[in-house]
Amino acid sequence: MEIFKVCIWIFLAVYLIFYIYFFVKIKNKKRFIIFNTVISVIVFAIINLTSFATGIKIPINECTVIGTLIGNVPALCLFAAIRYIFLL
């Protein structure tokens, strides 16, 4: 379990570095945040609506919704990978 925590912290650090870099380079910061949030919510809905065909389902609860809003699409990828990491 300790290795999983280390991997999550490394993922979070790399994600934040890239996110801050792109946030600084973008001129319209408000539009950047809103666009990323809307895209991540749409992808979250598409993943759950097509779960019957793909077999990938991310449960809808407080943690996944807040994680999706804050972490955007990389958080969705992590939520989808958690199922295969722990073989649930």
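Quick caveat: nothing in here was measured; it's all calculated off a predicted structure.

1. Structural notes on the overall build of the protein
Regarding its fold elements, the protein presents four helices and zero strands. Walking the protein from its N terminus toward its C terminus, one meets helices and strands in the order α-α-α-α. Each principal axis of the C-alpha distribution contributes one length, and for the protein these read about 40 × 35 × 20 Å. By residue count, 18% of the 88 residues in the protein fall in the buried class. Summed over all atoms, the accessible surface of the protein reaches about 6800 Å², with 79% contributed by carbon and sulfur.

2. A closer look at unusual backbone geometry
Apart from glycine, the bulk of residues carry a negative phi angle, and the bulk of peptide bonds sit in the trans form. We note that Asn-72 has phi near 60°; this positive angle belongs to a residue other than glycine. Within the secondary structure, Asn-72 is located in helix α4 (residues 62-86). Accessibility expressed as a relative area gives 5% for Asn-72, which makes it buried.

3. With respect to the confidence of the model for the protein
In this model, the protein carries an average pLDDT of 82, and 94% of its residues clear a pLDDT of 70 or more. Of all helices and strands in the protein, the one with the weakest mean pLDDT is helix α1 (residues 2-25) (79), whereas helix α2 (residues 29-49) scores best (88).

4. Points about a nonpolar patch on the surface
A cluster of nonpolar side chains, Val-6, Ile-10, Val-14, Phe-18, Tyr-21, Phe-22 and Ile-26, forms an exposed patch at the surface whose accessible area comes to about 640 Å². With respect to the helices and strands, the residue Val-6 is situated in helix α1. For Val-6, a relative accessible area of 39% corresponds to the partly exposed category.

Definitions and limits used
- Residues numbered from 1 in each chain as written.
- Predicted model: local features only at pLDDT ≥ 70, side-chain atom pairs only at ≥ 80, totals over all residues.
- Heavy atoms only, no water.
- Helix = DSSP H or I, 4+ residues; strand = E, 2+ residues; numbered from the N terminus.
- Buried < 20%, exposed > 50% of the residue type's maximum accessible area, 1.4 Å probe, protein only.
- Areas by Shrake-Rupley, 256 points an atom, 1.4 Å probe, with all protein chains shown as cover.
- pLDDT = per-residue confidence, 0-100.
- Patch = residues over 30% accessible without salt bridge, like charges linked within 9 Å, V, L, I, M, F, W, Y side chains within 5 Å.
- Salt bridge = Lys/Arg side-chain N within 4 Å of Asp/Glu carboxyl O.

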